[in-house]
Amino acid sequence: MDLEVFTGSGLKEKGGMKMKKLLAAGIMLAFTSLNAQMLSFGLRGGMQVHSKHTDCKFTDIGLIGSLKLPLLDFGVQGSVDYQWRKNEHILGCDIDTKVFVLDLTFVSIMQVPMSPVSFYVGIGGGMQSWTSEPRGIECTLETSTDQYADIHGLIGTKIKPPLSPVGVMAELKYSKVFAEDSNPDYIGITGGFFVGF
């Protein structure tokens, strides 16, 4: 065996491969860092379902914004949602229900290394404004609006391709509403897109 060839060109070839791998890993880490945006805004839509009465469903559309603390995997998320349900029949009335939800959530974020995917979990609370609008010839009920507090927990994921300001998101949320005569639970599933900075 030619010792010079083995120790010379062979080692150079191995060293070159290591440099290429390190360069590729560095590029992926840079993309991951660029994906870990500090500020994002998004639009989402989905469904809110009563945890015990699955026929009680609300269509949901909303705006969401999040702020990640620099150098930390924690942040805050704010959301404004508009939910509605039509034609619920009660006491001879067809009732349309509209819900305006304002929530604030503290989140813990995990960026998957060398990947455009991140996961987050959070807990928070907010306020909900419920408006019931009865309709019908024989209906004697009047329009009413009530405000309730809520607490919630959520898990979600975001996917933002490298160097792209736009990504997609999905979220699963459990909420408990503190109403006057009951404390209903709701499970929400939403998805949408966001712009990250």
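See the structure printed just above.
Residues numbered from 1 in each chain as written. Predicted model: local features only at pLDDT ≥ 70, side-chain atom pairs only at ≥ 80, totals over all residues. Heavy atoms only, no water.

J.: Help me out: how do you make sense of the pattern of salt bridges in this one?
T.: Oppositely charged side chains are able to pair whenever their charged atoms sit close together. Using the criterion set out here, one finds six salt bridges in the structure. A salt bridge links D96 to R135; its shortest N-O distance comes to 3.2 Å. Of this pair, D96 sits in strand 4 (residues 93–111) while R135 sits in strand 5 (residues 117–135), placing them 39 residues apart in sequence. Note on D96: relative accessible area 9%, which makes it buried. Residues participating in the shared-partner salt-bridge network are R44, D81 and E171. (Salt bridge = Lys/Arg side-chain N within 4 Å of Asp/Glu carboxyl O. Helix = DSSP H or I, 4+ residues; strand = E, 2+ residues; numbered from the N terminus. Buried < 20%, exposed > 50% of the residue type's maximum accessible area, 1.4 Å probe, protein only.)

J.: Just to check I follow, could you spell out the environment of K173 for this structure?
T.: Inspection of the secondary structure assignment puts K173 in strand 7 (residues 166–178). Look at K173 and you get buried, because its relative accessible area is 10%. Along the primary structure K173 and G156 are separated by 17 residues, whereas in three dimensions their C-alpha atoms are 8.4 Å apart. Discounting chain neighbours no more than four positions away, the residues touching K173 are D103, H152, G153, L154, Y186, I187 and G188. (Contact = heavy atoms within 4.5 Å.)

J.: Please explain the nonpolar core as it appears in this structure.
T.: A general tendency of soluble globular proteins is for nonpolar side chains to be buried together. Listed in full, the nine residues of the largest apolar core are C56, F58, V99, V101, W130, Y148, V177, A179 and Y186. The residues touching V177, leaving out its near neighbours within four places in the chain, are Q128, W130, Y148, A149, D150, S182, N183, P184 and Y186. One finds I64, Y120, L154 and M169 within the second-largest nonpolar core, a separate group that totals six residues. (Core = buried A, V, L, I, M, F, W, Y, C linked by side-chain atoms within 4.5 Å.)

J.: Can you walk me through the pairing of strand 2 (residues 57–68) in this structure?
T.: Sheet faces and side chains relate simply in a regular strand, where the side chains alternate between the two faces. One ladder, built from 11 bridges, connects strand 1 (residues 39–50) with strand 2; its direction is antiparallel. Looking across to strand 2, one finds that L43 is bridged to L63. Counted between consecutive antiparallel strands, the loop separating strand 1 from strand 2 contains six residues. Here strand 2 folds back onto strand 3 (residues 74–90), and the loop between the two strands holds five residues, one of which, L71, carries a positive phi near 65°. (Pairing = 2+ DSSP bridges.)

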